[in-house]
Amino acid sequence: MNTETTIPFVFWIIPLASVCALAMAWYFFRSMMKEEEGTARMAEIALYVRRGAMAYLKQQYRVVLVVFLVLAILFAVMAYGFNAQNPWVPFAFLTGGFFSGLAGFFGMKTATYASARTANAARHSLDRGLRVAFRSGAVMGLVVVGLGLLDIAAWFLVLTWFYKGDSSALITVTTTMLTFGMGASTQALFARVGGGIYTKAADVGADLVGKVEADIPEDDPRNPATIADNVGDNVGDVAGMGADLYESYCGSILSTAALGATAFASAAGDMQMRAVVAPMLIAAVGVFLSLLGIWLVRTREGATMKNLLHSLGMGTNTAAALIAVATFLILWLLRIDNWVGVGFSVVSGLTAGVVIGQATEYYTSQSFRPTQDISRSSQTGAATVIIKGIGTGMISTCVPVLTISATILLSYLCGNGFDMSMSAHSIQTGLYGIGIAAVGMLSTLGITLATDAYGPIADNAGGNAEMSGLGEEVRRRTDALDALGNTTAATGKGFAIGSAALTALALLASYIEEVKIAMHRVGDTMTSVGGQTIDAAQATIPDFMNFFQVNLMNPKVLVGAFVGAMAAFLFCGLTMGAVGRAAARMVEEVRRQFREIPGILDGTGTPDYGRCVEISTLSAQHEMVVPSLLAIVIPIVVGLLLGVAGVLGLLVGGLAAGFTLAVFMANAGGAWDNAKKYVEEGHFGGKGSDCHKATIVGDTVGDPFKDTSGPSLNILIKLMSMVSIVMAGLTIAFA
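Reading guide: rules and limits
Residues numbered from 1 in each chain as written. Predicted model: local features only at pLDDT ≥ 70, side-chain atom pairs only at ≥ 80, totals over all residues. Heavy atoms only, no water. Helix = DSSP H or I, 4+ residues; strand = E, 2+ residues; numbered from the N terminus. Buried < 20%, exposed > 50% of the residue type's maximum accessible area, 1.4 Å probe, protein only. Contact = heavy atoms within 4.5 Å. Areas by Shrake-Rupley, 256 points an atom, 1.4 Å probe, with all protein chains shown as cover. Lys, Arg positive; Asp, Glu negative; His and termini not counted. Charge placed at Lys NZ, Arg CZ, Asp CG, Glu CD. Axes fitted to C-alpha atoms, helices over the stretch in contact; angles between N-to-C directions. Parallel < 35°, antiparallel > 145°, perpendicular 65-115°, else oblique. Nonpolar A, V, L, I, M, F, W, Y, C, P; charged D, E, K, R; others polar. Patch = residues over 30% accessible without salt bridge, like charges linked within 9 Å, V, L, I, M, F, W, Y side chains within 5 Å. Salt bridge = Lys/Arg side-chain N within 4 Å of Asp/Glu carboxyl O. Phe/Tyr/Trp six-rings, centres within 6.5 Å; stacked < 30°, edge-to-face > 60°. Lys NZ or Arg CZ within 6 Å of the ring centre and 35° of its normal. pLDDT = per-residue confidence, 0-100. Expected span 1.5 Å × (residues − 1). Left-handed = near helix turned anticlockwise from the far one by under 90°. Disulfide = S-S within 2.5 Å.

J.: Where do I start with the overall build of the protein chain in this structure?
T.: Counting its regular elements, the protein chain contains 21 helices and two strands. A principal-axis box enclosing the C-alpha atoms of the protein chain has dimensions of 85 × 45 × 40 Å. For the protein chain, buried positions account for 66% of its 735 residues. Of the contacts made within the protein chain by residues no fewer than 6 positions apart, 83% connect residues no fewer than 24 positions apart. For the protein chain, the exposed surface amounts to about 23900 Å²; the carbon and sulfur share of it is 66%. If the 45 positive side-chain charges of the protein chain are averaged to one point and the 52 negative ones to another, these points end up 4 Å apart.

J.: What is the right way to read the packing of helix H7 (residues 271–295) against helix H14 (residues 445–467) from this model?
T.: Each pair of packed helices can be described by the angle between their axes along with the distance between the axes. Running from amino to carboxyl end, H7 crosses H14 at an angle of 40°, the nearest separation of the two axes being 7 Å. Judged by the angle between their axes, H7 and H14 are oblique. Judged by residue contacts, Ser 290, Gly 293 and Ile 294 of H7 engage Leu 445, Gly 446 and Ile 447 from H14. In terms of residue class, the contact of H7 with H14 is made up of three nonpolar, three polar and no charged.

J.: How should a nonpolar patch on the surface be read in this particular structure?
T.: A contiguous nonpolar surface patch, about 830 Å² in accessible area, is contributed by Ile 73, Val 77, Phe 82, Leu 629, Val 633, Val 637, Leu 640, Leu 641 and Phe 734. Of all the secondary-structure elements, those providing two or more residues to the nonpolar patch are helix H2 (40–81) and helix H19 (625–680). Of all the elements, H19 adds the most residues to the nonpolar patch, at five residues. For Val 77, the location among the structural elements is in helix H2.

J.: For this particular structure, what's the right way to read the packing of aromatic side chains?
T.: Aromatic rings in a pair are described by how distant their centres are and how their planes are angled relative to each other. Applying the stated criterion across every chain, the model contains 24 aromatic pairs. Where Phe 547 meets Phe 548, the ring centres are 4.9 Å apart and the plane angle is 75°; that geometry is what we call edge-to-face. Site record: aromatic cluster; members linked through ring pairs are Trp 88, Trp 155, Phe 162 and Tyr 163. Directly above the ring of Tyr 113 sits Arg 50, whose terminal nitrogen or CZ lies 4.0 Å from the centroid.

J.: Is there a simple way to think about the pattern of salt bridges in this case?
T.: Close approach of charged atoms allows side chains of opposite charge to pair. Overall, the coordinates contain 29 salt bridges when judged by the stated rule. With its nearest N and O atoms 3.8 Å apart, the salt bridge here joins Lys 677 to Asp 673. One end of the pair is Lys 677 and the other is Asp 673, both in helix H19 and four residues apart, which spans about a single turn. One salt bridge in this structure joins Lys 676 and Asp 699, with 2.9 Å as the shortest N-O distance. Taken together, the residues span a long stretch of sequence, with Lys 676 in helix H19 and Asp 699 in helix H20 (residues 690–726) at a distance of 23 residues. Asp 699 shares its class with Lys 676; the two are buried. Among the charged side chains, a network of salt bridges with common partners joins Lys 200, Asp 203, Asp 673, Lys 676, Lys 677, Asp 699, Asp 703, Lys 706 and Asp 707.

J.: Looking at this model, I keep getting lost on the confidence of the model for the protein chain. Mind explaining?
T.: Low-confidence regions, as indicated by low pLDDT, have predicted coordinates that should not be scrutinised in detail. Per-chain confidence: the protein chain averages 86 in pLDDT, with 95% of residues scoring 70 or above. Averaged pLDDT values over the elements of the protein chain bottom out at 70 in strand S1 (residues 525–527) and peak at 95 in helix H11 (residues 382–395).

J.: Where do I start with helix H18 (residues 609–623) in this structure?
T.: The α-helix advances 3.6 residues per turn, and as a result positions three or four apart in sequence lie on the same side. Under the 1.5 Å per step criterion, the end-to-end length of H18 is 21 Å for 15 residues, consistent within 8% with the ideal 21 Å. Within H18, the full set of buried residues consists of Tyr 609, Cys 612, Val 613, Ile 615, Ser 616, Thr 617, Ser 619, Ala 620, Gln 621 and Glu 623. Next to the buried residues of H18 lie H2, helix H5 (169–213), helix H6 (226–263), helix H17 (555–596) and H19.

J.: Explain helix H13 (residues 424–442) here, please?
T.: With 19 residues, H13 should reach 27 Å at 1.5 Å per residue; the first-to-last C-alpha distance of 28 Å fits that figure. Across the 19 residues that make up H13, a large majority, 18, are buried.

J.: How should I be thinking about the environment of Lys 693 in this particular structure?
T.: By secondary structure assignment, the location of Lys 693 is in helix H20. Between the C-alpha atom of Lys 693 and that of Leu 410, which follows or precedes it by 283 residues, the distance is 46 Å. For Lys 693, the contacting residues outside a window of four places in its chain are Val 212, Asp 215 and Gly 688.

J.: Would you mind showing me how to read unusual backbone geometry here?
T.: Trans is the prevailing form of peptide bonds, just as negative phi is the prevailing case for residues other than glycine. Positive phi values are uncommon outside glycine, yet Phe 418 reaches one of about 55°. Checked against the element boundaries, Phe 418 lands in the loop between helix H12 (398–415) and H13. Using a relative accessible area of 48% as the deciding quantity, one classes Phe 418 as partly exposed.

J.: What is the right way to look at the environment of Glu 361 in this model?
T.: Summarising the element assignment, Glu 361 is placed in helix H9 (residues 339–364). Given the relative accessible area of 14%, Glu 361 is considered buried. Once the C-alpha coordinates of Glu 361 and Arg 50 are considered, the two residues, 311 residues apart in sequence, prove to be 30 Å apart.

J.: Got a minute to help me understand the packing of H2 against H5 in this structure?
T.: Look at H2 against H5: their axes get within 11 Å of each other, and the N-to-C directions meet at 145°. Considering only the axes of H2 and H5, their crossing is right-handed. Each of Tyr 56, Gln 60, Tyr 61, Val 64, Val 67, Phe 68, Leu 71 and Phe 75 in H2 lies in contact with H5, whose residues at this interface are Met 182, Gly 183, Thr 186, Gln 187, Phe 190, Ala 191, Gly 194, Gly 195 and Tyr 198. Tallied by class, the residues present in the contact of H2 with H5 amount to eleven nonpolar, six polar and no charged.

J.: How should I be thinking about the side chain of Ser 136 in this particular structure?
T.: Within the secondary structure, Ser 136 sits in helix H4 (residues 126–162). By relative accessible area, which is 3% here, Ser 136 ends up buried. Dropping the residues within four chain positions of it, Ser 136 is found in contact with Met 32, Thr 110, Ala 114 and Ile 457.

J.: I would appreciate a short explanation of the state of the cysteines in the present structure.
T.: Covalent bonding between the sulfur atoms of two cysteines defines a disulfide. Considering all chains together, one arrives at zero disulfides under this definition. No disulfide involves Cys 20; its sulfur sits 18 Å from the nearest other cysteine sulfur, which is in Cys 250. By relative accessible area, which is 24% here, Cys 20 ends up partly exposed.

As structure tokens, then:
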């Protein structure tokens, strides 16, 4: 086996890219802070939202800290007490969670300062409002990629130095680094679920009582739940999304590096090291190209929705096209075997991201027929709006599923040079192709996440404009920015889900590698079906498939697949139920204030905003624990009861069902939201009409679809994979 562990000089581009990303994030933050916050009333509303968001985040981090300490102690016991885990795992796990939480914190801090400044910029022009909101969103994107590459580079340097001279150094290093991905996944799931419950409890309560029952506008200051609603946009769609995509970004790079270490373990010279560094380097170059794309985003006054989408598309598509070209140059300079084929694997991932984004835009934007048809169905009531939205969401799964399927096949075949032999080397290099396709899809995350984080900033800007009583022209501009944000948020969710599918598939192969290391650690050999004894350290993926009988005739695999599919639906049911209970408490509180506080509806009384913020905070903290722990407990139990075969079935079932269900929920929710926006633009009777009220009901149903359950599913499928990898030693020792 190759023992070369000398780090190539080009590796230093990775920490350089990290520093540049963080420096530019700081520059954009300082530039945003120099913008005027507007009137005293605008600043006051922004302060309410900022305090509520920070109070929630501090409370959430206290709960998550307890979970992390318990898990870290468990990993330490496994490592030092039973030799069932690498001793670095507890520390890597904690740093992954810390950086994931830090990325969400910085992004949300920026967003809460940016909303009033975006509204004030919209008083001058649409272009100025777009640039303030988008570049504030770019802080989130750049912090995520900057911290992600910083964490990866630091751990790689430390572990490579520590294991220098080990015959399987790079395999040990990369599989150990995967465990900090579990820390990031755990933090991301709590952030997504807790933030999603918070924001949707407030949103549903504000809509049902304020807009439907009291017939007052969205974001009206007379609505007690308005501030909580605006706080929720930040804790769910900024902090939650940032933690989510931090985990996807790191997971795709680390799983591909682990696959490269295995696929090129016997290659001559330093080929193994170059294959490990390649995904990190592609991501690093993507940072510089994302920065270029961010500077290209601008628009003109009076722009339509298609014009605004084109403005964002100019930045994201330019960055994607340039990274496709740069990838071939990177792989050629690294002299990777089959560099042309591996390059096309990256291109297939990039293309998949664009196709999924365009399909999501088509099914969720009010500029296209599917969402317009949902608006039209409001002429016969809320029931038909819901039926049409569910049907549209189901149909919308076809393009993403077929796209990911084609990407898996293409990236696999390009990665192994279209080798159909199914030999061990063919399988391993093909899986490396799939992993690097996921890296390609996420390589321009700096700008694609900016388009997503932009959404809640624009939404809060509209709320601030409404509550501050700004003119009709300003509200028209903020509405245009908000509607664009709904579409970019839906596109970002589709993008996140697609990348999760590819990353989870790469993690499946990494799980086998971790099983191999776990067996070697406890001194096990493995006996093949033919009776031949094989050292676990030398066994190939086909050897493991035969030994553990991972095939569709093994009932353990089938049971695991059913449990994995069930887990996706159980998780959605629990999170939807949590939103329902929290929203019911919010509805009762808003009704109580309308009854008991004199003068709210005529504007002479002041609502108790703080009480609504408190209800959302307590509900989210209480309700997020069970669904989040579910993703950790299920893989452990399945591993102990059904062994490796059951775990692989679990991960396949969870991936297939979770991916499809997540696309359906995200797109249905996004379409319902923009169907309401389409009516509010003056179609089918406009605001206050029966059609408008029907679409509000649809939007209310869609809220937990698109902002709680749907986006949390992509973390679920990756976290189950990460937990399985980290607990492989436990599975081998006790199954």
